[in-house]
Amino acid sequence: MKVTRIQIIQRGLSNRCPNCGEHTLFKKGTFFETNSECPNCGLKIERDEGFFLGSLSLNYGVTLVCFLTPVMLLAYFKIIGVTLAIVLAGVGAIGFPALFYRSSRSWWLMNYYLFLPHHLPANQRPVAEDEDENT
Ligand SMILES: [Zn+2]
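These remarks concern the structure in this document. (Residues numbered from 1 in each chain as written. Predicted model: local features only at pLDDT ≥ 70, side-chain atom pairs only at ≥ 80, totals over all residues.)

What about the overall build of the chain?
Moving on, step 1. In terms of regular secondary structure, the chain is built from 4 helices and 0 strands.
Moving on, step 2. Across the chain, helices and strands are ordered from the amino to the carboxyl terminus as α-α-α-α.
Moving on, step 3. Computed over its C-alpha atoms, the radius of gyration of the chain comes to 20 Å, more than 25% above the 14 Å expected for a compact globule of 135 residues.
Moving on, step 4. Referenced to the eigenvectors of the C-alpha coordinate spread, the extents of the chain come out at roughly 75 × 30 × 25 Å.
Moving on, step 5. Across the 135 residues in the chain, those meeting the buried criterion constitute 17%.
Moving on, step 6. The contacts of the chain with a sequence gap of at least 6 include a subset with a gap of at least 24, amounting to 52%. (Helix = DSSP H or I, 4+ residues; strand = E, 2+ residues; numbered from the N terminus. Rg over C-alpha atoms; globule rule 2.2 N^0.38 Å. Buried ≥ 20, exposed ≤ 12 C-beta atoms within 10 Å, placed from the backbone. Contact = placed C-beta atoms within 7 Å.)

Looking at the nonpolar core
Moving on, step 1. Grouped together as the largest cluster of nonpolar side chains are 10 residues: Ile-8, Cys-17, Leu-25, Leu-43, Ile-45, Trp-107, Leu-109, Met-110, Tyr-113 and Leu-120.
Moving on, step 2. Looking at this core, the element that brings in the most residues is helix α3 (residues 82–115), giving 4 residues.
Moving on, step 3. Not counting chain neighbours up to four residues away, the residues in contact with Leu-43 comprise Cys-17, Asn-19, Glu-37, Cys-38 and Pro-121. (Core = buried A, V, L, I, M, F, W, Y, C linked by C-beta atoms within 7 Å.)

Digging into unusual backbone geometry
Moving on, step 1. Positioned with a positive phi, Asn-15 is a non-glycine residue whose angle comes to about 55°.
Moving on, step 2. Within the secondary structure, Asn-15 sits in the loop between α1 (5–13) and α2 (53–76).

Some remarks on α1
Moving on, step 1. Residues of α1 that are buried include every one of Ile-8, Arg-11 and Gly-12, and no others. The arc that holds every buried residue of α1, seen down its axis, measures 100°, which confines them to one face. Away from its buried face by more than 90 degrees, α1 exposes Ile-6 and Leu-13.
Moving on, step 2. Those residues of α1 hidden inside the fold are in contact with α3.
Moving on, step 3. Directly after α1, the chain includes Asn-15, whose backbone phi takes a positive value near 55°. (Arc of directions from axis to C-beta.)

Description of the environment of Ala-75
Moving on, step 1. Relative to the helices and strands, Ala-75 is located in helix α2.
Moving on, step 2. Along the backbone, Ala-75 and Gly-50 are 25 residues apart, and their C-alpha atoms lie at a distance of 37 Å.
Moving on, step 3. Excluding residues that lie within four positions of it along the chain, Ala-75 makes contacts with Ile-80, Val-82 and Ala-85.

Concerning α2
Moving on, step 1. When the terminal C-alpha atoms of α2 are compared, their 32 Å separation across 24 residues agrees well with the 34 Å that a helix rising 1.5 Å per residue should span.
Moving on, step 2. Approximately 40° is the largest bend angle found in α2, and it occurs at Leu-64.
Moving on, step 3. Along its buried surface, α2 packs onto α3.
Moving on, step 4. Count one or two residues on from α2 and you reach Lys-78, which has phi positive near 60°. (Expected span 1.5 Å × (residues − 1). Bend = angle between axes of the 7 residues up to and from the residue.)

Looking at the packing of α1 against α3
Moving on, step 1. Relative to each other, α1 and α3 sit at 170°, their axes nearing to 8 Å. Relative to α3, the element α1 lies roughly antiparallel. Between α1 and α3, the contacting residues are Arg-5, Ile-8, Ile-9 and Gly-12 on the first element and Ser-106, Trp-107, Leu-109, Met-110, Tyr-113 and Leu-114 on the second.
Moving on, step 2. The class makeup of the residues in the contact of α1 with α3 is 7 nonpolar, 2 polar and 1 charged. (Axes fitted to C-alpha atoms, helices over the stretch in contact; angles between N-to-C directions. Parallel < 35°, antiparallel > 145°, perpendicular 65-115°, else oblique. Nonpolar A, V, L, I, M, F, W, Y, C, P; charged D, E, K, R; others polar.)

Here you go:
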């Protein structure tokens, strides 16, 4: 296996292609547009229609756990005022998911290949000539 699970995690956390490790998940000059396939190695990034719907759920969950819940707890324990908490929650509910957008897509792709690393083209063994003749 050429690409290990550790490499898949490293590449996923740094928003890189899980197959070749290049920064090719997103179109150059854009923040939100994902390449349908890697321009470097040809890996199909958007595997199916709606493949990245899971990344939206991931983004929502991370926003809730890492941003909105701490703000609510700070307000609950009266460390910050309710008005400030409402403003922070409103701004954070829009801003945090936008900033986390790229990572959520990369993490979702990482999650897929972490469980199915043999689906990566770099990990597929080449077809031997005698096998090819039998099929
Ligand atoms: Zn690639």
